[in-house]
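Remarks on the overall topology
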Amino acid sequence: KGAHSRHGQARATDRDLEMAKMETNKRIPVTVVTGFLGAGKTTLVNHILRAEHGRRIAVVENEFGEVGIDEDLVAKSVSSDEQILQLDNGCLCCSVRGDLIKTLEKLIRRKNRFDHIVIECTGLANPGPVCQTFYLDDDIKESYRLDSVLAVVDCFHCTRHLDRHAISGEVNECVQQIAFSDKLLLNKTDMVEEDELDTLLKRLKRINAIAEIIPCQHSAVPMDKIFDLDAFSVQRVLQQMPDFLPQEESLAGEDHASCGHNHSDCGHDHDHVAGLEHGKHHHLEAVSSVGIMAEGSLSVKLFNKWLGTMLKERGEDLYRSKGVLCVHGSDEKFIFQGVHMKVTMSRSSELGLEPWQPGEKRTNKLVFIGRNLERKSLEEGFLGCLA
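Because the structure is predicted, anything quoted here is derived from the model rather than measured.

Regarding the overall build of the protein chain
- Tallying secondary structure elements over the protein chain gives 13 helices and 12 strands in all.
- Scored against the burial criterion, the 387 residues of the protein chain give a buried share of 53%.

Structure follows, in structure tokens:
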């Protein structure tokens, strides 16, 4: 009789596991893409949207900056089964979290549900609070499951960002992004020497010994390394960050001035990662953005001269620059992307983006993100490049 009872208990356990698996499969998987400014997150999103994977995907984008650029840089030639949703300004971890919940609730109410959600975080955000959303809101918890957190790592600039020392009350976001992730996409491997890559790999493993590291170029990663990973473990996160699941009451009325997330010093010198604590809001206090929008056509010669001089003088403080430009005599949109002193310029046709359309207002859009930015100087310098 005892043996029979144990056998029945085993069968019941098997059924419970199967039921739990079925319940998990009903929920929509979510991939959170993180990584510091300019690492290649939007390039990864484009790669996902263009790939032959047969999934209906919704992309939620978030930008830090006055002028939204990423929406222009995401391929518009995607199928009708994919939708781009952009959350303007602020970081997902704070003021936009309410919008994130509303966006996810809106998606779940759609008649034709999506197979997968991809959330691209701003390069200045700790992904932890974004992930908290999927555990603190009951409706979200019932409808979605966090599949994985992917960090895109910029081989060329990562060491510089990891070495950045904290100033009063500031967090090293790059360390946090790496530590929190389930997989690290080691991007731009073609831009560094082998010994530099080996040194960086050892450092990344010291920060996060568990995450799989996937070398890549142009953020091109096989889809089986991105989807259906079931890699996120809240238990693992709680070991590093015991207050990952704080009291829900502490989240009430949060804003950029008062925020219940990780904004304490995280020991940059030893690549340590702090838990989710109260403190000063890091990036909005230490880093600013300048957005510029101006109609007209650019002189390539004048723009290159101005940009080159600015990068030479201010490149160290300029974390990120990007823009969509109208060049005199061309119907192509010119896309420039910069991280510190390194800048690339591409035509829209090279990126699979649409050119300027007949009747479309040709508005140049740029955003600069960094320290000690001088708005007046940037605006006057750019306007002086118009033909």
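So, the sheet that holds strand 10 (residues 333-339)
- Here we have five strands laid out as an open sheet, ordered 8-12-9-10-11, and antiparallel in their pairing. The sheet is open, and its two edges are formed by strand 8 (288-295) and strand 11 (342-347), each paired on a single side. Neighbour to neighbour, the strand axes of the sheet diverge by 10° on average, direction disregarded.
- Sheet topology places strand 9 (residues 318-326) next to strand 12 (residues 363-370); six bridges connect them, and they run antiparallel. Residue pairing in the sheet places leucine 318 in a bridge with glycine 370 of strand 12.
- Relative to the sheet, helix 13 (residues 375-383) contacts strand 8, strand 9 and strand 12, its axis offset from that of strand 8 by approximately 30°.

Considerations on the confidence of the model for the protein chain
- When pLDDT is averaged along the protein chain, the result is 75, and 69% of the positions lie at 70 or above.
- For the protein chain, per-element mean pLDDT is lowest for helix 11 (residues 282-286), which scores 49, and highest for strand 6 (residues 183-187), which scores 95.

Section: the packing of aromatic side chains
- Enumeration according to the criterion identifies nine aromatic pairs in this entry.
- With a centroid separation of 6.0 Å and 35° between ring planes, the pair formed by tyrosine 135 and phenylalanine 232 is classed as tilted. Taken as a pair, tyrosine 135 in helix 5 (residues 128-136) and phenylalanine 232 in the loop between strand 7 (212-215) and helix 10 (234-240) lie far apart in primary sequence, 97 residues in all.
- Judged by relative accessible area, tyrosine 135 falls into the partly exposed class, the value being 25%.
- Classification of phenylalanine 232 by relative accessible area gives buried; the value is 8%.
- Judged by centre distance (6.5 Å) and plane angle (40°), the rings of phenylalanine 336 and phenylalanine 368 are tilted. One end of the pair, phenylalanine 336, is in strand 10; the other, phenylalanine 368, is in strand 12, and 32 residues separate them in sequence. Each member of the pair, phenylalanine 336 as well as phenylalanine 368, is classed as buried.
- One aromatic cluster is present, formed by Phe303, Trp306, Phe336, Phe368 and Phe382 through successive ring pairs.

Brief notes about helix 2 (residues 41-50)
- Among the 10 residues in helix 2, seven count as buried, and that is most of the element.
- Within helix 2 the residues assigned to the buried category are Lys41, Thr42, Leu44, Val45, Asn46, Ile48 and Leu49.

Some points on the pattern of salt bridges
- Applying the stated criterion to the full structure yields 11 salt bridges.
- When the shortest N-O distance is used, the salt bridge between glutamate 379 and arginine 375 registers 3.9 Å. With glutamate 379 and arginine 375 both in helix 13 and four residues apart, the pair spans about one turn of that helix.
- Assessed through its relative accessible area of 30%, glutamate 379 is described here as partly exposed.
- Among the ionic contacts, a cluster of salt bridges with common partners joins Lys183, Glu212 and Lys225.

Rules used in this analysis
- Residue positions are given per chain, counting from 1 as you read along its sequence in written order.
- Note on the predicted model: pLDDT of at least 70 is required for a residue's local features to be given, and 80 or more for side-chain atom pairs to be given and counted; whole-chain, interface and lining totals, by contrast, use all residues.
- Heavy atoms throughout the structure, all of them, feed into the side-chain values; hydrogens and water do not.
- Numbering of helices and strands runs from the N terminus; a helix is a DSSP stretch of H or I covering at least four residues, while a strand is a stretch of E covering at least two.
- Only protein chains enter the accessibility calculation, which uses a 1.4 Å probe; a residue whose area is less than 20% of its type maximum is buried, one above 50% is exposed, and one in between is partly exposed.
- Here, a strand pair is defined by DSSP locating no fewer than two bridges between the strands.
- Throughout, an axis means a line fitted to C-alpha atoms (over the contacting stretch in the case of helices), and angles, computed between N-to-C directions, take values from 0 to 180 degrees.
- We call two residues in contact whenever any of their non-hydrogen atoms come within 4.5 Å of each other.
- On a scale of 0 to 100, pLDDT captures the predictor's confidence in every residue.
- Working definition: a ring pair exists when centres of Phe, Tyr or Trp rings (six-membered ring for Trp) sit within 6.5 Å. Plane angles under 30 degrees give stacked, over 60 give edge-to-face, the rest tilted.
- In what follows, salt bridge is the name for a side-chain nitrogen of Lys or Arg lying within 4 Å of a carboxyl oxygen of Asp or Glu.

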